[in-house]
Amino acid sequence: MWYIITTSLCTVLLVTLTNGASFNKDSALQGRNEQRIGPNKGVSRFRRFFGVCGNQMYSTAMFLCCDDTLIPRTTTARLMCCGSESYNPLTQMCCDANPHSKIGFRQPSCCGSDPYDANYTLCCDNTPLPKVGVQSACCGSHVYDMATQICCDSYVQFKPGIHSVCCGSLAYDVNTQLCCEGLPVRKVGNHSACCGRMAYDVQNQLCCENRVVPKPSPYSACCPAEHYPTSYNTVTQLCCAGFVYPASPGVRCCGAMMYHTRMNMCCDGSLILPILVTGCRGFA
């Protein structure tokens, strides 16, 4: 009796384990199939071979959808969209939503809406221009060689020397020239400086109101004038409104004239005798 009961229980347990293993195997296989083709085989195939372009259905194997426009696939190449058109990325390139044939094979690129080969051409202001040397660069809408030329305010200038820089739209050599108010000016000495649009030697000359005047002594200074300034010696001379007078004790300026404080008085730019009035209050 016990033998029959034990045999029945073992048989039931064996059948249960066998069914469970079969169920797990089928579940794993179903999971792999869903991962490969999706949970719904029909929907996966539809999404793979068909699509919607705008308001119409199309076959992805026969057409390409670019900006809601259907374009037939006429070749076996892998086409891509360029705006509302298609192009082959192996032989073409897309520049500003327009397909163009590639120019060159080393460094093809776009310059605005035009293709160019960056190995032989430069893109200057969206215009492809041929290189003019090994050190070519853009200068506005022009190309120049940095070895022999310089770009100043979008203008190409030849270098006047080794140490050339820009002076406005012109080029000058800092070793031999100065830039004075946007104009290159040749140096006049070892200690040159600008005086307006002229160059002067600070050791031997003075710059007075943008005019170069001689510097006769180390104590020289400018004597401003309305039209033609001059220089004077601050130790031995006196500058009165552009006029130079000999300096002496008691001598002063009264406008453009000089006077001696013992003999005259200066009232509102006019000389008077001190014996006529007492101070400037009585002078009208």
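Here the structure is shown first, and the text comes after it.
Residues numbered from 1 in each chain as written. Predicted model: local features only at pLDDT ≥ 70, side-chain atom pairs only at ≥ 80, totals over all residues. Heavy atoms only, no water.

### Quick word on the overall build of the protein
Along the protein, the regular secondary structure elements total two helices and 32 strands. Put simply, the protein has 284 residues, and 24% of those count as buried. Considering only contacts within the protein whose residues lie at least 6 apart along the sequence, 0% involve residues at least 24 apart. (Helix = DSSP H or I, 4+ residues; strand = E, 2+ residues; numbered from the N terminus. Buried < 20%, exposed > 50% of the residue type's maximum accessible area, 1.4 Å probe, protein only. Contact = heavy atoms within 4.5 Å.)

### Points about the state of the cysteines
Using the criterion set out here, one finds 15 disulfides in the structure. Across the disulfide from Cys 82 sits Cys 94; the S-S distance is 2.0 Å. Between Cys 82 and Cys 94 the disulfide shows an S-S torsion of about 80°. By sign, it is right-handed. One end of the pair, Cys 82, is in strand S5 (residues 80–82); the other, Cys 94, is in strand S7 (residues 92–95), with twelve residues separating them in the sequence. (Disulfide = S-S within 2.5 Å.)

### So, the pairing of strand S10 (residues 114–117)
Where strand S9 (residues 108–111) lies against S10, four bridges are found, and the strand directions are antiparallel. Pairing of Cys 110 across the sheet is with Pro 115, part of S10. In this antiparallel pair of consecutive strands, S9 and S10, the connection spans two residues, and Gly 112 shows a positive phi of 70°. (Pairing = 2+ DSSP bridges.)

### Some thoughts on the pairing of strand S15 (residues 149–152)
For S15 and strand S16 (residues 155–158), the ladder comprises four bridges, and the chain directions are antiparallel. By the bridge assignment for S16, Cys 151 is matched with Val 156. Here S15 folds back onto S16 in antiparallel fashion, the turn holding two residues, of which Asp 153 has a positive phi close to 55°.

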